[in-house]
Amino acid sequence: GGVTRTEHPLRPACGVLKGNPNFRKRTAASRIMRIAVLGGNGELGSYLCPLLVEEGHEVTSVTDDNLEPYMPENPAWKKVKRVVMDRTSLESEAFGLYGKRVADLKPEVVVDAGCYTMEHCKGLVSALRGTGVQHTVHVGSTHLYSPSQPRPWVEDAPRAAPCGQFALEQQNMESYLIAEHKESKYPVTIMLLSNLVGKGWVPLSPQGTYDPVVFEAIKSGGKIMLPKVPCCVQLLHAGDAAQAVAKCIALRTNTTGEVYNFAGVPLSLVAYVQAVGQHVYKQAAVPCMERDMLQFMDALETTDKAEKLEGGVVVGEWQKAVSLEAADELLRNPAALWIKAEKALGVQPRAPVLAVADALEWMDEHPGEAARPRAPAPYAFTGGREPFIQAEGGFTGSKAGYYFRQGKDGLGYYLDHGVYVNWQLLAWRQLQKQYEDDALLGEQGEKTIRALKYFIPGSLIFWAIFLTWLFVTGETMQGLLVYMAWVPGLTGIGALPPFTPKPFTSAVRVKSTARVELGVWHTALPARGYNATYTKEERSAAAERCRAVLYLHGNAETRSKQGWKLGWYHTHAKADVVTMDYRGFGDSTCSTEAFRACLTERGLYEDAYSVFEWMTNSTKDGGLGIPHGCIVLHGHSLGAAVATRVAGVLSSQGKAPAGVILESGFTSMLEVMRVAWMSPLAYLPDGFGDFFVSVMDKPARLQHTFMHSTFIKKVSSPVLLLHGEKDVTVPAEMSSELFKARVAVSDGEAVCEDGDGKGAPCTDLLSLPEADHSDVMTQYDSQNKVLEFT
């Protein structure tokens, strides 16, 4: 706040990289042209039309209504020709009629910034094909990426199934336009933009809404309620987006047929609040209240403006729809990457606080004038509608808030519930209301609560005694509870798929000790798709690449559970990735020797060691022949202990791996059992928990110790520790203890030498404030750290 675009030391004034060879470079493609901007009075068009006029082009703004652009005071608007054509009405009158009217304007370039359905997109393309239009820029949204899409979101990655009708339409339009370019050379470039902010409309708030009262509350220093889930927003200044589109037009000979993300830097909700409070409104730290998602959504629905809640202001004059829209906006947790646009177009978004400051300063100067953006919301509230509308005659046109598909009720229109707002959630609320209406929280509820006060502690004590007996009885029973290899088969969560999924293209069987066969997946670069067959020469090429990762998973899962993470290694680190299942997990077998338990601590070490040997040995079972100094071990949770032990053994043999990454590691199994949320011991009074520990902390009592804090002292490779501070399974303090144990044994030495005599950090620890046990690698900081480390 208070920093103008030209004064900011890290960004050039116009959002264009001055060091880029394409910066303001005049080419034959950048001559004066006739350009039609569809949706010229919208968020993007209000900045784009004046910019194109300033560059000397003849600009026509085509709009659905007579509304003024957001900044009509710009003198460049006097040179913009304005045409009003209602797209929806014309397309309903005749397919392609709107496109024909656009073609009648004789444009050489068309920027379509107002297309939200597949029907409208096809109508425009059919009308413009074969005319004098030399280039079309289709402006889409990063909402086409699904929340389940591996992060970060990149243009060339396969698209995950869309979440919501808006995203479905965006994906369909993208696929259609790319196909048209390939098949008929239709000249189109697709720009995917994140949430636009600028002068004239309310930016997306930290609560996922477009209510200006949120920013008024931040300005006054009131408490702001936020959901207690990892969420971020990507705010892109419309002026920067306009610069990107203008560069796309100027460089159209190179950009045609391409898809470009252009998005703001991801900003967590807490950081968003603090940035606005401190840098825009010059406040001290703004207090925030975190609530779980259901409480947050309920509060948005029911809270009146400036109502007090626990001493803090919960802002907003909310309608029934607001909380659902907020959930859809925030839980998408966008992660669009714009490196491709930066390299090709020479553009870069300004810092998020500078982008939103421009909008908020305008709101302060024009009180009461700002409204929500004119672009349609990605998710519209669908309460009170029929969940299914049958369509026996087939598709009859798009219906707002509905999918058209073949589903469990037949062919027809299914209600669109958004990203995370589904019938289970609505049913949960109905059940909660029913409980309240039936007075179950009255007299009968009080009796139930009193009974639970005695039942719950008694149950915990019973389970503690029972588990103690189980652990004392022997290795096999302990293994069932420690490794939980039966969970994927019982629940289906993380179970092995019937085929080898991407990015893995080779399924291998590797022999371990005690006649055990292990299921192993390997990415043989370059990937060719599902179940590809590779020659011996291609598989052995991994040794020449000298860039490999061996991933070791945790308990209660198989090697497919973290497939997205390994796909990320494959894509961003350009590494060969090998992952495996320990004996008894997935399709790996148990020992066939008599009187030998299947799951043992020693067995897991032997399995991981055997796979490492297979990777380094070119003669054993078709090994890969990768030098040991080219392999990084990455272990998660239980896998971190296995990786540490194997790395220690390899170090003693002079075969130390290139590095070891320990994600959500623990100090010892006994300490985890004492504090983990899923262990009944964590809820017992200290006396009972201490008694259990004293019983188990004896020789031959606990058969699966995993003394991680001891193993880590014997590793000579560089070690990177990653841990989420919100981890309730393995507390983050345990990685701190491992770090201390590692540093202590090296007498404080911070540098190891690699094979070339170059220094590398021996031990590094990264704590992530917003991460929990299983999403450490979804964070930008951890991904950047891992890439730097590898």
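Everything below is about the structure printed above this text.
A. Just the overall build of the protein, in detail. Secondary structure summary: the protein contains 26 helices and 27 strands in total. Within the protein, the proportion of its 790 residues that are buried is 55%. Of the contacts made within the protein by residues no fewer than 6 positions apart, 74% connect residues no fewer than 24 positions apart. As displayed, the protein offers around 34,600 Å² of accessible surface, 55% of which is attributable to carbon and sulfur atoms.

B. Structural view of unusual backbone geometry. Here R151 and P152 are connected by a cis peptide whose omega angle stands at -5°. Along the chain, P152 turns up in the loop between strand 5 (135-141) and helix 5 (165-184). Look at A556: it is not a glycine, yet its phi comes out positive at around 60°. Within the secondary structure, A556 sits in the loop between strand 20 (548-552) and helix 19 (563-573). In this structure, K574 takes a positive phi of about 55° despite not being glycine.

C. Region of the structure containing the state of the cysteines. Here the structure, examined in full by the defined rule, presents two disulfides. Disulfide pairing is shown between C546 and C630; the S-S distance is 1.6 Å. Because the torsion about its S-S bond is -70°, the bridge between C546 and C630 counts as left-handed. Here C630 lies in the loop between helix 20 (601-616) and strand 22 (631-636) and C546 lies in the loop between helix 18 (536-545) and strand 20, a separation of 84 residues in the sequence. The exposure class of C546 is partly exposed, given its relative accessible area of 37%. Disulfide pairing places C590 opposite C598 at an S-S distance of 1.9 Å. Measuring handedness by torsion sign, the sulfur bridge of C590 and C598 sits at about -75° and is left-handed.

D. Layout of the packing of helix 19 against helix 26 (residues 780-789). Two elements in contact, helix 19 and helix 26, have axes separated by 11 Å at closest approach and are oriented at 55°. Here helix 19 lies oblique to helix 26, going by the angle between them. Here the hand of the crossing between helix 19 and helix 26 comes out right-handed. Residue-level inspection shows W568, Y569, H572 and A573 of helix 19 in contact with helix 26, the latter providing Q783, V786 and L787. Considering only residue class, the contact of helix 19 with helix 26 consists of five nonpolar, two polar and no charged.

E. Region of the structure containing the sheet that holds strand 3 (residues 81-84). In space, the seven strands of this open sheet follow the order 3-2-1-4-5-6-10, with parallel pairing throughout. One side of each edge strand has no neighbouring strand; the edge strands of this open sheet are strand 3 and strand 10 (259-262). Taking the axes of each pair of neighbouring strands and ignoring which way they run, one obtains an average angle of 20° across the sheet. Strands in contact with helix 7 (residues 238-250) are strand 1 (34-38), strand 4 (109-112), strand 5, strand 6 (188-193) and strand 10; relative to strand 5, the strand with the most contacts, it is inclined by about 150°.

F. Quick look at a nonpolar patch on the surface. A surface patch of nonpolar side chains, about 390 Å² in accessible area, is lined by L480, L481, W486 and L490. Position of L481 among the secondary structure elements: in helix 16 (residues 475-483). Overall, the relative accessible area of 33% leaves L481 in the partly exposed class.

G. Structural detail: helix 26. Residues of helix 26 that are buried include every one of S782, Q783, V786 and F789, and no others. One side of helix 26 carries all its buried residues, which in axial view fall inside an arc of 130°. Across from the buried face of helix 26, at angles greater than 90 degrees, the exposed residues are D781 and E788. Those residues of helix 26 that are buried are in contact with helix 19, strand 23 (659-663), strand 24 (719-724) and strand 27 (763-768).

H. Here's a closer look at helix 1 (residues 43-54). Summarising burial for helix 1: 11 of the 12 residues are buried, a large majority. Those residues of helix 1 lying buried are E43, L44, G45, S46, Y47, L48, C49, P50, L51, L52 and V53. Just downstream of helix 1, G56 is the residue with a positive phi angle, here 100°.

I. Representation of the nonpolar core within the structure. Formed by 54 residues in total, the largest nonpolar core has its most connected members in V611 and F706. Those residues in contact with F706 that lie beyond four places of it in its chain are Y483, E601, L604, Y605, L638, A641, V642, F666, T667, S668, M669 and F711. Core analysis: the next-biggest nonpolar cluster, separate from the first, contains 40 residues, Y47, V111, M191 and A238 among them.

J. Here's a closer look at the pattern of salt bridges. Under the criterion given, the structure shown has 22 salt bridges. The partner of R159 in a salt bridge is E174, and the shortest N-O contact between them spans 2.6 Å. On the criterion of sequence distance, the pair formed by R159 in the loop between strand 5 and helix 5 and E174 in helix 5 is long-range, its members being 15 residues apart. Among the salt bridges present, the one from D576 reaches R545, with a minimum N-O distance of 2.8 Å. Here D576 is found in strand 21 (residues 576-580), whereas its partner R545 is found in helix 18, with 31 residues between them in sequence. Look at the salt bridges and you will find they share partners, linking R509, E517, R559, D581 and D587 into a network.

K. Inspection of the pairing of strand 23 at higher detail. Summarising burial for strand 23: five of the five residues are buried, a large majority. For the crossover from strand 22 across helix 21 (residues 638-652) to strand 23, the handedness is right-handed. Relative to strand 24, strand 23 runs parallel, the two being bridged by four bridges. Looking at the pairing, L662 lines up with L721 of strand 24.

L. Quick look at the side chain of H120. Topologically, H120 is positioned in helix 4 (residues 118-128). Residues contacting H120, with those up to four places away along its chain left out, are R87, T88, E91 and C115.

Reading guide: rules and limits
- Residues numbered from 1 in each chain as written.
- Predicted model: local features only at pLDDT ≥ 70, side-chain atom pairs only at ≥ 80, totals over all residues.
- Heavy atoms only, no water.
- Helix = DSSP H or I, 4+ residues; strand = E, 2+ residues; numbered from the N terminus.
- Buried < 20%, exposed > 50% of the residue type's maximum accessible area, 1.4 Å probe, protein only.
- Contact = heavy atoms within 4.5 Å.
- Areas by Shrake-Rupley, 256 points an atom, 1.4 Å probe, with all protein chains shown as cover.
- Disulfide = S-S within 2.5 Å.
- Axes fitted to C-alpha atoms, helices over the stretch in contact; angles between N-to-C directions.
- Parallel < 35°, antiparallel > 145°, perpendicular 65-115°, else oblique.
- Left-handed = near helix turned anticlockwise from the far one by under 90°.
- Nonpolar A, V, L, I, M, F, W, Y, C, P; charged D, E, K, R; others polar.
- Pairing = 2+ DSSP bridges.
- Patch = residues over 30% accessible without salt bridge, like charges linked within 9 Å, V, L, I, M, F, W, Y side chains within 5 Å.
- Salt bridge = Lys/Arg side-chain N within 4 Å of Asp/Glu carboxyl O.
- Arc of directions from axis to C-beta.
- Core = buried A, V, L, I, M, F, W, Y, C linked by side-chain atoms within 4.5 Å.
- Right-handed = clockwise from strand over helix to strand, strands pointing away.

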